[in-house]
Amino acid sequence: TPQASFALSAPPGFEEMPRYLSQHGPVIEVNVDATAAIPHDVDILFWLEPGNVTPRHLAALRRFLASGRTVVVAGSLHRVRYRRTESGEVRFRAESTGGAWERLLEPFGLRPLPDLVMDRNAAAAPVVVDGEWQQVEAPFHLRNLPAFRDFRPFRTPARGGLSFIAPGPLQIDPQRVSAAGYEAHVAATTTERAWVRDLPTTDFGLADLGTDLIAPKQNLMVLLTPQDPWAGQLLVLAAASAFRNGIVSQAGFGHGVFLADLARSFADPERLVRQRVERHVPP
């Protein structure tokens with residue numbers, strides 16, 4: 001049976017990922033941000049926290065998907081920095097990640113929302129506080145459980161908890177998704193007890209995160225399946241935290257299992273054989 005091959009494009013902070021992916025096939029590390037090129041001899045691209053998205057990047061992404069290969073992208077409009085006060089309280093500061101994430105999703109009919117989303121299903125996460133790793137609890141450290149995932153399009157049922165730290169919920173425009181040649185399937189959401197607030201522009205603490213505005217379920221993961229059966233799928237996650245150092249291996253979560261399930265779904269031997277058939281298409 002053919003074996004899948006993977007490409008990983010990620011900023012610093014994801015050095016543990018190749019060890020997990022290499023359990024399912026060879027992994028090469030690339031820098032899509034810098035080169036706007038995706039190697040065509042790999043089957044699955046993981047592009048995490050894109051920092052540079054131009055028309056050239058989008059054209060390369062479209063060509064890769066059109067060849068039948070799969071792309072997993074993960075990011076958010078913001079990231080959170082952590083610091084400790086003299087009294088020992090952990091304070092948070094939200095920073096914009098720039099417009100690249102929005103530019104990447106827009107042609108596919110998805111829009112990341114700039115709100116800070118929180119949920120009753122939250123858990124402590126290992127994060128860097130003033131240069132040191134520490135377990136920190138916060139309501140925006142979401143723990144997405146299998147009950148709030150719909151994995152029917154995948155080859156395996158949802159298993160284990162997934163981490164979404166300060167995710168930017170994904171809004172779907174069905175008409176734009178269809179015009180782009182895809183159908184959207186919501187693969188993961190918050191619980192029905194989520195709440196949102198405008199992203200604070202200054203330092204904030206846990207006391208500032210009251211449940212003011214209860215929100216309906218927010219989309220955390222969306223699978224775009226092409227109308228063309230020869231083309232590849234695009235899986236979008238509203239945060240890349242599940243793949244981060246320290247979190248991908250976090251006890252009590254199923255991130256390794258999730259990667260194995262993705263490999264099983266996207267690297268099905270029949271799919272690999274089909275996408276390796278050379279099809280000549282006009283440039």
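Keep in mind that this is a model prediction, so the values were computed, not measured. (Residues numbered from 1 in each chain as written. Predicted model: local features only at pLDDT ≥ 70, side-chain atom pairs only at ≥ 80, totals over all residues. Heavy atoms only, no water.)

**Overview of the overall build of the protein chain**
Going by this rule: Helix and strand assignments follow DSSP, with helices taken as H or I runs no shorter than four residues and strands as E runs no shorter than two, numbered in order from the N terminus. Radius of gyration: over C-alpha atoms. The globule rule applied is 2.2 Å multiplied by the number of residues raised to the 0.38 power. Note on exposure labels: buried denotes an accessible area under 20% of the residue type's maximum, exposed denotes more than 50%, and partly exposed covers the range between, all computed with a 1.4 Å probe on protein chains only. By definition, residues are in contact when any of their heavy atoms lie within 4.5 Å. Each accessible area value is a Shrake-Rupley result obtained with a 1.4 Å probe; residue values ignore everything except the protein chains displayed when judging cover.
Looking only at helices and strands, the protein chain has seven helices and 18 strands in total. The C-alpha radius of gyration of the protein chain comes to 19 Å, within 12% of the 19 Å expected for a compact globule of 283 residues. Counting only C-alpha atoms, the protein chain reaches 65 × 40 × 35 Å along its principal axes. Per-residue burial over the protein chain gives 53% buried out of 283 residues. Of all intrachain contacts in the protein chain linking residues separated by at least 6 positions in sequence, the fraction that spans at least 24 positions is 70%. Accessible surface, the protein chain as shown: approximately 12800 Å² in total, 51% of it carbon and sulfur.

**A closer look at unusual backbone geometry**
Non-glycine residue Ala36 carries a positive phi angle of around 55°. Inspection of the secondary structure assignment puts Ala36 in the loop between α2 (32-35) and β3 (44-48). What makes Ala36 buried here is its relative accessible area of 7%. Here Ala166, not a glycine, exhibits a phi torsion of approximately 45°, which is positive. As for its placement among the helices and strands, Ala166 is situated in the loop between β12 (162-165) and β13 (170-172).

**Side note on the nonpolar core**
Threshold: By nonpolar core we mean a set of buried residues, namely Ala, Val, Leu, Ile, Met, Phe, Trp, Tyr and Cys, connected to one another through side-chain atoms within 4.5 Å.
Counting residues in hydrophobic clusters, the biggest one holds 34 residues, and the most contacted among them are Phe46, Met221, Leu235, Leu237 and Phe243. If one sorts the elements of this core by residue count, helix α6 (residues 255-266) sits on top with five residues. Membership of the second largest hydrophobic core comes to 29 residues, among which are Ala7, Ala60, Leu105 and Phe108.

**Points about the environment of Leu113**
The topology assignment puts Leu113 in the loop between β7 (110-112) and β8 (116-119). Along the backbone, Leu113 and Gly160 are 47 residues apart, and their C-alpha atoms lie at a distance of 26 Å.

**Structural notes on the sheet that holds strand β17 (residues 219-226)**
Note the cut-off: DSSP calls a pair of strands paired once it identifies at least 2 bridges connecting them. In this analysis an axis means a line fitted to C-alpha atoms, helices contributing only their contacting stretch, and an angle means the value between N-to-C directions, from 0 to 180 degrees.
With respect to topology, seven strands assemble into an open sheet ordered β2-β1-β3-β4-β18-β17-β14, the strand pairing being mixed. Every interior strand has two partners, whereas the edge strands, β2 (27-29) and β14 (182-189), have only one. The sheet shows a mean angle of 15° between the axes of neighbouring strands, direction not considered. Sheet analysis places β3 next to strand β4 (residues 70-74), joined by five bridges and oriented parallel. Paired with Trp47 across the two strands is Val73, which belongs to β4. On top of the sheet, helix α3 (residues 55-66) reaches β3, β4, β14 and β18 (234-237); it is set at about 140° to β4, its chief contact.

**A few points about the pattern of salt bridges**
For the record, the criterion: Note on definitions: salt bridges are taken to be side-chain nitrogens of Lys or Arg within 4 Å of carboxyl oxygens of Asp or Glu.
If you walk through the whole model with that rule in mind, you get 13 salt bridges. The salt bridge involving Arg19 is made with Glu16; its shortest N-O contact spans 3.8 Å. What makes Arg19 partly exposed here is its relative accessible area of 48%. Between Asp203 and Arg83 there is a salt bridge, with the nearest N and O atoms lying 2.6 Å from each other. Of the two residues, Asp203 is situated in the loop between β15 (194-197) and β16 (213-215) and Arg83 in strand β5 (residues 78-84); the sequence distance between them amounts to 120 residues. What makes Arg83 partly exposed here is its relative accessible area of 36%. Here the salt bridges share partners, and the residues they tie into one network are Arg79, Arg81 and Glu95.

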